[in-house]
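Take a look at the letters that make up each chain.
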Amino acid sequence: MDGGDLASLGQVSRRVRDIDVAVSWYRDVLGLPHLYTYGDLAFFDLNGTRLFLSAADDGAGESGESVLYFRVEDIHAAHEALTAKGVVFLDAPHLIHRHDSGVEEWMAFFADPDGRTLAVMAQTAPVDSSAPAS
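Residues numbered from 1 in each chain as written. Predicted model: local features only at pLDDT ≥ 70, side-chain atom pairs only at ≥ 80, totals over all residues. Heavy atoms only, no water.

(A) Local environment of the pattern of salt bridges. Under the counting rule described, the total for this entry stands at four salt bridges. Here Asp-28 ties to Arg-27 by a salt bridge, and the two come within 2.8 Å at their closest N and O atoms. Classification of Arg-27 by relative accessible area gives partly exposed; the value is 33%. Salt-bridge contacts for Asp-112 lead to Arg-116; the nearest nitrogen and oxygen are separated by 3.0 Å. (Salt bridge = Lys/Arg side-chain N within 4 Å of Asp/Glu carboxyl O. Buried < 20%, exposed > 50% of the residue type's maximum accessible area, 1.4 Å probe, protein only.)

Written out as structure tokens, the structure is:
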């Protein structure tokens, strides 16, 4: 597929009751490398795949299913290729977060035939503003 295939899983999400308790448990008990926490969202590195924890709005803990995020090189090309195959996206590829380093996280969400959420995700490197213009 143009823009990268869906053979690489970039992120899996899991809902938790209490983000602070979950961060401590995943970091201190399981020993997972903690990447960062933003409010009620926490991220861990699982050998290149991120584990994304989010506090459940209803306090139900792990209600709902995990979201699978497929890593692609070019999110716009992947979006176009999947759309051409009949995938209906909930939204266009859009910026989710810009890290302090300038790296941007882009995602676009869609559903499988059973209505479960999936996503394509891509990271773009920061533009070197010191490079001479061509």
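After that view, the rundown keeps rolling.
(B) Up close: the nonpolar core. Counting residues in each nonpolar core, the largest one holds eleven residues, listed as Phe-70, Val-72, Ile-75, Ala-78, Leu-82, Phe-89, Ala-108, Phe-110, Leu-118, Val-120 and Ala-122. Among the secondary structure elements, those contributing two or more residues to this core are helix 2 (75-84), strand 7 (104-111) and strand 8 (117-124). Beyond its immediate chain neighbours, meaning those up to four positions away, Phe-89 contacts His-79, Leu-82, Thr-83, Ala-108, Phe-109, Phe-110 and Val-120. Of all hydrophobic cores here, the second largest spans ten residues; its members include Ile-19, Val-23, Phe-44 and Leu-51. (Core = buried A, V, L, I, M, F, W, Y, C linked by side-chain atoms within 4.5 Å. Helix = DSSP H or I, 4+ residues; strand = E, 2+ residues; numbered from the N terminus. Contact = heavy atoms within 4.5 Å.)

(C) Broad picture of the side chain of Gln-11. Relative to the elements of secondary structure, Gln-11 occurs in strand 1 (residues 9-16). Residue class for Gln-11 comes out buried when judged on its relative accessible area of 1%. Here the side chain of Gln-11 touches Arg-50 through a polar contact of 2.7 Å, side chain to side chain. Once residues lying within four places of it in the same chain are set aside, the contact partners of Gln-11 are Phe-43, Thr-49, Arg-50, Phe-52, Val-67, Leu-68, Tyr-69, Met-107 and Met-121. (Polar contact = N/O pair within 3.5 Å; in protein donor to acceptor, adjacent residues only side chain to side chain.)

(D) Representation of the packing of aromatic side chains within the structure. Applying the stated criterion to the full structure yields seven aromatic pairs. Where Phe-43 meets Phe-52, the ring centres are 4.9 Å apart and the plane angle is 5°; that geometry is what we call stacked. On the basis of relative accessible area, Phe-52 is assigned to the buried category, the value being 14%. Members of the aromatic cluster, connected to one another through ring pairs, are Tyr-36, Tyr-38, Phe-43 and Phe-52. (Phe/Tyr/Trp six-rings, centres within 6.5 Å; stacked < 30°, edge-to-face > 60°.)

(E) Quick look at helix 1 (residues 19-29). Among all positions in helix 1, only Ile-19, Ala-22, Val-23 and Tyr-26 are buried. Projected onto a plane normal to the axis of helix 1, the buried residues spread over an arc of 100° and lie on a single side. Turned more than 90 degrees off the buried face of helix 1, the exposed positions are Asp-20, Val-21, Asp-28 and Val-29. Tucked into the core, helix 1 has its buried residues touching strand 1, strand 2 (34-38), strand 3 (41-46) and strand 4 (49-55). Capping the start of helix 1 is the job of one residue whose side-chain oxygen sits 3.0 Å from the backbone nitrogen of Asp-20: Asp-18. In the stretch just after helix 1, Gly-31 is the one whose phi turns positive, near 75°. (Arc of directions from axis to C-beta.)

(F) View of the side chain of Thr-49. With respect to the helices, strands and loops of the structure, Thr-49 is situated in strand 4. Looking at Thr-49, its side chain comes within polar contact range of the main-chain oxygen of Leu-9, at 3.0 Å. Ignoring sequence-local partners within four residues, the contact set of Thr-49 consists of Leu-9, Gly-10, Gln-11, Phe-44 and Arg-71.

In short, geometric facts, not functional conclusions.
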